[in-house]
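# What the coordinates show
Single-letter residue listing:
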Amino acid sequence: MELRTIEETFAKLKLLKVFDFYKTRVLTQEQQGWMQFICDHYLNALPGERAKIRSMVTPEISFLFFMYAQAMAVEAVRERQEEKVFKGLVALAVENQVFDWRDSMMVLVLLHHSAVKIGADALGLFQRTAAISTPQTSEGFLQFSARAPENLDLAKFGYREGMDSEGNFAYVSK
């Protein structure tokens, strides 16, 4: 793995300002590319390299992994691609509950809902991601995906399905 390049990508992420995202609440295509680069490398890395990548995530940038995972949940529905759900789950595996596990749950529900909505094997996707996660995060994925359907309702997490300003599928905060 090109660890130096991964480190350079994390350095770019650390230069981003949190307040820039309060208005837009979206990552640019370039920023999504950086996130995808990190996630792709994580996915293909050996366990020791994965640990090194996870160690580069700090609470100050963990929100970027949530934003990327949420974008993947939306894109999965728009494009009907289960691989987008998996990409979002991988982002949460990289983030590794660095900030607060409850923030992960807010995105996990979107990813789970997207998987179910497009007819993907949600449990299989969560299990696949658990296999490349730390034990604690793995347990979180498995416990979340084992919830009863009524405990996976979007409304219980403050979301509903909706449309963006261009008429495309979106998750809307209630």
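Note that the coordinates shown come from a computational prediction; the quantities given were computed from them, not determined experimentally.

### A few points about the confidence of the model for the protein
- Per-residue pLDDT for the protein has a mean of 92; in total, 93% of the residues score no lower than 70.
- Considering each helix and strand of the protein separately, the mean pLDDT is smallest for helix α2 (residues 18-24), with a value of 61, and largest for helix α6 (residues 82-95), with 98.

### A look at the environment of Y42
- Here Y42 shows up in helix α3 (residues 29-44).
- Here Y42 falls in the buried class, since its relative accessible area comes to 0%.
- Sequence separation between Y42 and V116 is 74 residues, and the spatial gap between their C-alpha atoms is 25 Å.
- Those residues in contact with Y42 that lie beyond four places of it in its chain are R50, I53, R54, V90, A93, V94, I132 and S133.

### Description of the packing of aromatic side chains
- All told, the structure shown has 5 aromatic pairs when counted by the stated rule.
- Judged by centre distance (6.2 Å) and plane angle (10°), the ring pair of F126 and F144 falls under stacked. Here F126 is found in helix α8 (residues 122-130), whereas its partner F144 is found in helix α9 (residues 135-145), with 18 residues between them in sequence. Just as F126 is buried, F144 falls in that class too.
- Members of the aromatic cluster, each reached through a chain of ring pairs, are F126, F141, F144 and F157.

### Some details on the pattern of salt bridges
- If you walk through the whole model with that rule in mind, you get 5 salt bridges.
- Its salt-bridge partner being R78, residue D164 comes within 2.9 Å of it at the nearest N-O pair. Remark: R78 occurs in helix α5 (residues 62-79) and D164 occurs in the loop between β1 (159-163) and β2 (169-173); sequence separation between them is 86 residues.
- A salt bridge links E79 to K84; its shortest N-O distance comes to 3.5 Å.
- Where salt bridges share partners, they join E75, E79 and K84 into one cluster.

### Brief notes about unusual backbone geometry
- Phi is positive for N96, which is not a glycine, with a value near 60°.
- If you trace the backbone, N96 turns up in the loop between α6 and α7 (101-117).
- Assessed through its relative accessible area of 21%, N96 is described here as partly exposed.
- The phi dihedral of Q97 falls on the positive side, at around 55°, and the residue is not glycine.
- The residue Q97 is located in the loop between α6 and α7 in this model.

### Quick notes on the environment of V109
- With respect to the helices, strands and loops of the structure, V109 is situated in helix α7.
- Here the alpha-carbon distance between V109 and F10, two residues 99 residues apart in the chain, equals 26 Å.
- Setting aside chain neighbours within four positions, we find V109 in contact with F144, L152, D153, L154, F157 and Y159.

### Quick word on the packing of α7 against α8
- Direction vectors running N to C along α7 and α8 enclose 135°, while the axes themselves pass 9 Å from each other. Classified by the angle their axes make, α7 and α8 are oblique. Along its contact with α7, which presents L108, H112, A115 and V116, the element α8 presents A122, L125 and F126.
- Taken together, the residues of the contact of α7 with α8 break down into 6 nonpolar, 1 polar and no charged.

### Description of the nonpolar core
- Membership of the largest hydrophobic core comes to 56 residues, with the highest contact counts inside it found for F10, F65 and Y171.
- Listing elements by their share of this core, those giving two or more residues are α1 (3-15), α3, α5, α6, α7, α8, α9 and β2.
- Among the elements that take part in this core, α5 stands out by supplying 13 residues, more than any other.
- What F10 contacts, discounting residues up to four positions off in sequence, is I38, I53, M56, V57, I61 and F65.

Rules and cut-offs
- Residues numbered from 1 in each chain as written.
- Predicted model: local features only at pLDDT ≥ 70, side-chain atom pairs only at ≥ 80, totals over all residues.
- Heavy atoms only, no water.
- pLDDT = per-residue confidence, 0-100.
- Helix = DSSP H or I, 4+ residues; strand = E, 2+ residues; numbered from the N terminus.
- Buried < 20%, exposed > 50% of the residue type's maximum accessible area, 1.4 Å probe, protein only.
- Contact = heavy atoms within 4.5 Å.
- Phe/Tyr/Trp six-rings, centres within 6.5 Å; stacked < 30°, edge-to-face > 60°.
- Salt bridge = Lys/Arg side-chain N within 4 Å of Asp/Glu carboxyl O.
- Axes fitted to C-alpha atoms, helices over the stretch in contact; angles between N-to-C directions.
- Parallel < 35°, antiparallel > 145°, perpendicular 65-115°, else oblique.
- Nonpolar A, V, L, I, M, F, W, Y, C, P; charged D, E, K, R; others polar.
- Core = buried A, V, L, I, M, F, W, Y, C linked by side-chain atoms within 4.5 Å.

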